[in-house]
2 protein chains.
Amino acid sequence: MAMERQLSSPSAAGVGLLGAGVVGSQVARVLVQPDTDFRHLLSLNGILVRDKSRPRDGVPSDLITTDPERVLGDDRNDIIVEVMGGEEPAHSYMAAALKAGKHVVTANKEVLAKYGDELTNLAAENGVTLSYEASVGGGIPVLAVIQDSLRANRIESIRAIINGTTNFVLSSMEESGSSFEDALAEAQSLGYAEADPTADVDAHDAVYKLSILTRLAFGASVNPEAIHREGIRHIGAKDLRYAGALGFTIKLLAIARSDANGVRCRVHPALVPVEVPMANVNGVLNAVELNGDLLGPLWLQGRGAGAGPTASAVMGDVLRIAKTMFTQSGKGQSTNNGSSTREIEPDVIDMDDLRVRYYVRLAAIDKFGVLAKVASVFGDAQISIASVLQFDSDDERGLADLVIMTHPSREANMQEAAMRLRQLDVVASLENLIRVEDYDEV
Amino acid sequence: MAMERQLSSPSAAGVGLLGAGVVGSQVARVLVQPDTDFRHLLSLNGILVRDKSRPRDGVPSDLITTDPERVLGDDRNDIIVEVMGGEEPAHSYMAAALKAGKHVVTANKEVLAKYGDELTNLAAENGVTLSYEASVGGGIPVLAVIQDSLRANRIESIRAIINGTTNFVLSSMEESGSSFEDALAEAQSLGYAEADPTADVDAHDAVYKLSILTRLAFGASVNPEAIHREGIRHIGAKDLRYAGALGFTIKLLAIARSDANGVRCRVHPALVPVEVPMANVNGVLNAVELNGDLLGPLWLQGRGAGAGPTASAVMGDVLRIAKTMFTQSGKGQSTNNGSSTREIEPDVIDMDDLRVRYYVRLAAIDKFGVLAKVASVFGDAQISIASVLQFDSDDERGLADLVIMTHPSREANMQEAAMRLRQLDVVASLENLIRVEDYDEV
């Protein structure tokens, strides 16, 4: 290997890397690449791996170790980069690094969502920086934009597609009319979904990321458990077809909105009007729409996963820290990008008072008088019906698909109506209840 | 006014404002707003205006002065914010402020494009920061993203819609089929175009902005005069209609691309495939598409002008400087966001070797043998024709519109062919020659 490494320069920041999988190897290659304009600012001193024997192209093998102490305990390391993933030991390693006065850069959304407060406080106590741009939106620099460029704005809302796997599955169901199961299998065969797809399709991943965004944008510390979460397992090819007939597509959206009452966070599939940009984010792309009081809407779109985009975000954080180190008198008092400067933390409000339009799909007995019974349930719950469409009946079972679009209604009322619809003798099943994300309100 | 002003705090950065038009007044209001989380970091000490008598809602009148020295010479001012616009005296004031060791934040694309090298060097010599996020893309934080978050990437290309006026005119011509003149008049009546629209419609404004982007993204100092520039005056409603029939729309694009040979910059109307996001940026919106070697494509879209978005960008710069001031030991050696760290400045290459597809509209004599003569001109210039469409003839004059799409061809050859087409006896006029911006190559 013709790489020239600069092992210890007085003006280079020492970097220790935890993890050398696909992302970690890419970060290592960027760090040792000889012809970059930042090569002299950084010095990679050690790489922690689980399995030393695995081949890693372009990664300096003499730096690889299986002993965490050789990376975390190395005094030359000013910055620890954690790209091993998972909750433990990643969390413990990061906590130890911060306590030892080292800056930490991580791509770990799970640890950030679960231990964000603890790690943020540790960073502040030790006068170091905790950065995690890569944990949300892959290479899209959404955290830096919120914290830095949009600093003078009060952020009013965030709407985002921040899980590439589910977006790929929904896009492919829409395009080919395939079932959820087939689209998921396709995503798995292409490497876009894990063998166990739970974290993605049940929206845990999107909830972690929304919790991180909410902390930064609104200064609200939201427990991921407290965020309304619905995945995409129950979306059928039918729903995409019916939504299309009504002028919508279906996306898994992560939404946070702040008003005088507090912050409302939710992750669920939503009907999105086909003419807005969010409807045209297809495949594994991610997109984030921020609304600032000065700026208005800002739209960011890019690759939400993969080695290159993640390494781009990780290295952005590393270089920002290195720059701060060499323009400061010492290590002390660097700003912590995880801490909010808001004095009053807003309340996190629940779903009951949400007012949106709803798409309701019922499998109903195809006979006279059904609509009257169904409509009276909506009426009793003070929900006004905007349109009813009947779609392809299942003659064998004597059932028809009834698709009802409501006017904006209160979530609690809709849930009450849903419960009563399920009990109706003319309703075989309430097949789906999907919220509409309207775009004229912003 | 119930504003509580904090006139001099030891940990507040003093700010002097040059200009209090629409943007300046908005910046002043944000600076003195009492309930922001950055209020304690900044102290507004003076506002230079031309006309003191003009009403300015929410702007502290006791700070307003017509004497430049009262702002530029005020020792309390650490940061000078220039939002007066125009070349002079803005340029001289900024130079004076930098020489006096003050940080400068500006929204002035014209001064930056023309005097960028001089001001960048002055900032470096005096150990202060020159920031100009607001000069490109309004509130879209494209400069910070390039310099900070994407720092580890080699930027490969930039494609942007960075002039809202021309984008509004083209969108409205497409939507309503109106002429350039009518669409421009509409833009003027809505306040989206100036009484003298030259800077916008002849693409001077977009060229200034592309020159600034090129400096930051590629470390190439490009004289705005050296950038290929075509405005939109020659685009007819017909061209938008024909382009639509071929699956394209027309946008004024600013494009910079870097390869082994150097950097190529150009601003001209381009055919954009209707299915890509760039085709759907309508009205006064701006959009920037960056391609980084690690990240891949990143898409940013938002409001490119207006008081709020511009103030958002200006304040982002101001707060970044203030943060740096209070985490540093002193003023010295702050990084300069205008200076490139590239060691070798790439060559700026001209248009001759550009290879793109072309849309050619001819008014041709509607008779036998015309196409053979036209085709032989293309053949002689080694340009391969992809399709020929004949559109609504002008029976009175015996003319037909011939729309020719070429395969990718060399610019110099196309210009040679254009010259020869104009000389053909069967061609009444070469009505338009528009480059196609293809999207599969990135």
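Look up: the structure comes first, before these words.
Thresholds applied
Residues numbered from 1 in each chain as written. Chains lettered and ligands numbered in written order. Predicted model: local features only at pLDDT ≥ 70, side-chain atom pairs only at ≥ 80, totals over all residues. Heavy atoms only, no water. Helix = DSSP H or I, 4+ residues; strand = E, 2+ residues; numbered from the N terminus. Rg over C-alpha atoms; globule rule 2.2 N^0.38 Å. Buried < 20%, exposed > 50% of the residue type's maximum accessible area, 1.4 Å probe, protein only. Contact = heavy atoms within 4.5 Å. Polar contact = N/O pair within 3.5 Å; in protein donor to acceptor, adjacent residues only side chain to side chain. Least-squares fit on C-alpha atoms with pLDDT ≥ 70 in both. Axes fitted to C-alpha atoms, helices over the stretch in contact; angles between N-to-C directions. Parallel < 35°, antiparallel > 145°, perpendicular 65-115°, else oblique. Left-handed = near helix turned anticlockwise from the far one by under 90°. Nonpolar A, V, L, I, M, F, W, Y, C, P; charged D, E, K, R; others polar. Phe/Tyr/Trp six-rings, centres within 6.5 Å; stacked < 30°, edge-to-face > 60°. Pairing = 2+ DSSP bridges. Right-handed = clockwise from strand over helix to strand, strands pointing away. Salt bridge = Lys/Arg side-chain N within 4 Å of Asp/Glu carboxyl O. Buried area = accessible area lost by both parts, 1.4 Å probe.

Right, let's talk about the overall build of chain A for a bit. In terms of regular secondary structure, chain A is built from 13 helices and 17 strands. On C-alpha atoms alone, chain A measures out to a radius of gyration of 25 Å, which is about the 22 Å that the 2.2 N^0.38 rule sets for 442 residues. The C-alpha extent of chain A, read off along each of the three principal axes, is 85 × 50 × 35 Å. A buried classification covers 59% of the 442 residues belonging to chain A. Taking the intrachain contacts of chain A between residues at least 6 apart in sequence as the baseline, contacts between residues at least 24 apart amount to 75%.

Residues and elements named next belong to chain B. As for its placement among the helices and strands, Val49 is situated in the loop between β2 (42-48) and β3 (64-65). Assessed through its relative accessible area of 7%, Val49 is described here as buried. In sequence terms Val49 and Asp395 are 346 residues apart; their C-alpha atoms lie 59 Å from each other. Discounting chain neighbours no more than four positions away, the residues touching Val49 are Ala20, Arg56, Ile64, Thr65 and Thr66.

Now for the environment of Asp205 of chain B. Residue and element names in this part refer to chain B. Along the chain, the position of Asp205 falls in helix α9 (residues 204-218). Judged by its relative accessible area of 5%, Asp205 is buried. In this structure, the C-alpha to C-alpha distance between Asp205 and Ser178, residues 27 residues apart in sequence, is 24 Å. Separated by 2.9 Å, the side chains of Asp205 and Asn163 make a polar contact.

With that out of the way, let us pick up the relation of the copies chain B and chain A. Rotating chain B by 180° and translating it 0.0 Å along the rotation axis places it on chain A, where the RMSD comes to 0.1 Å. Expressed as an axis order, the relation between the two copies is that of a two-fold axis. Most of the interface of chain B is mirrored in chain A, where 98% of its interface residues are also at the interface.

All names here are of chain B. Across the interface, helix α3 (residues 90-99) lies against helix α4 (residues 109-125) with an axial gap of 10 Å and an inter-helix angle of 15°. Relative to α4, the element α3 is oriented roughly parallel. Judged by the twist between their axes, the crossing of α3 over α4 is right-handed. Packed against α3, whose contacting residues are Ala90, His91, Met94, Ala95, Leu98 and Lys99, the element α4 presents Val111, Tyr115, Glu118, Leu119, Leu122 and Ala123 at the interface. Grouping the constituent residues of the contact of α3 with α4 by class yields 9 nonpolar, 1 polar and 2 charged.

On to the packing of aromatic side chains. Residue and element names in this part refer to chain A. Counted according to the given criterion, the structure contains 4 aromatic pairs over all chains. With a centroid separation of 3.9 Å and an interplanar angle of 15°, the aromatic rings of Tyr242 and Phe391 are classed as stacked. Here Tyr242 is found in helix α10 (residues 237-245), whereas its partner Phe391 is found in strand β14 (residues 385-394), with 149 residues between them in sequence.

Turning our attention to the sheet that holds strand β1 (residues 13-18) of chain B. Residues and elements named next belong to chain B. Spatially, β3-β2-β1-β4-β5-β6 is the arrangement adopted by the 6 strands of the open sheet, whose pairing is parallel. Each of the sheet's edge strands pairs with one partner strand only, and the pair in question is β3 and β6 (130-131). With 2 bridges joining them, strand β5 (residues 103-106) and β6 adopt parallel strand pairing. When the sheet's bridge partners are listed, Val105 is paired in β6 with Ser131. Set on the sheet, α3 makes contact with β1, β2, β4 (79-82) and β5; between it and β5 the angle comes to about 155°.

Once that is clear, we can look at the pairing of β4 of chain B. Residue and element names in this part refer to chain B. Of the two faces of β4, the one holding Ile79 and Val81 and the one holding Ile80 and Glu82 are both buried throughout. Both β1 and β4 contribute to a ladder of 4 bridges, which runs parallel. When the bridges of β4 are listed, Leu18 appears paired with Glu82. Looking at chain direction, β4 and β5 are connected through 4 bridges and run parallel. Residue pairing in the sheet places Glu82 in a bridge with Thr106 of β5. On the question of chirality, the crossover connecting β4 to the parallel β5 by way of α3 is right-handed.

Bringing the pattern of salt bridges into the picture now. Residues and elements named next belong to chain B. Scanning the model with the defined rule gives 48 salt bridges over all chains in all. Between Arg233 and Asp202 there is a salt bridge whose closest N-O contact spans 2.8 Å. With a gap of 31 residues between them, Arg233 in the loop between β8 (228-229) and α10 (237-245) and Asp202 in the loop between α8 (198-201) and α9 connect regions that are remote in the sequence. A residue is classified by how much of its surface remains accessible, and Arg233, at 42% relative accessible area, is partly exposed. Between Arg257 and Glu437 there is a salt bridge; the shortest N-O distance is 3.6 Å.

Here the focus is unusual backbone geometry. Residues and elements named next belong to chain A. Along the chain, Glu88 connects to Pro89 via a cis peptide bond; the corresponding omega equals 5°. One can find Pro89 in the loop between β4 (79-82) and α3 (90-99). Residues other than glycine seldom take positive phi values, yet Gln382 does so here, at roughly 60°. Mapped onto the elements of the fold, Gln382 is located in the loop between α12 (370-380) and β14.

Our next topic: the interface of chain B and chain A. Reports of interface size often rely on the accessible area that becomes lost once the parts have come together. Facing 42 residues of chain B, the contacting portion of chain A comprises 41 residues. Interface area lost by chain B to chain A is led by Asp37, Arg151 and Leu294 of chain B, which between them contribute 17%. Among the ionic pairs, Arg151 of chain A bridges to Asp37 of chain B, the shortest N-O distance being 3.7 Å. Of all the secondary structure elements, the ones that give two or more residues to the side of chain B that touches chain A are α1 (22-32), α5 (142-149), β12 (296-303) and α11 (307-327) of chain B. With 10 residues, the single largest contributor to the side of chain B that touches chain A is α11 of chain B. Here the residues of the side of chain B that touches chain A sort into 19 nonpolar, 16 polar and 7 charged.

Residue and element names in this part refer to chain A. Judged by pairing direction, the sheet is parallel, and its 6 strands sit side by side in the order β3-β2-β1-β4-β5-β6 without closing on themselves. Of all the strands in the sheet, the pair left with one neighbour each is β3 (64-65) and β6 (130-131). Contacts from helix α1 (residues 22-32) reach β1 (13-18) and β2 (42-48) within the one sheet, and its direction differs from that of β2 by about 150°.

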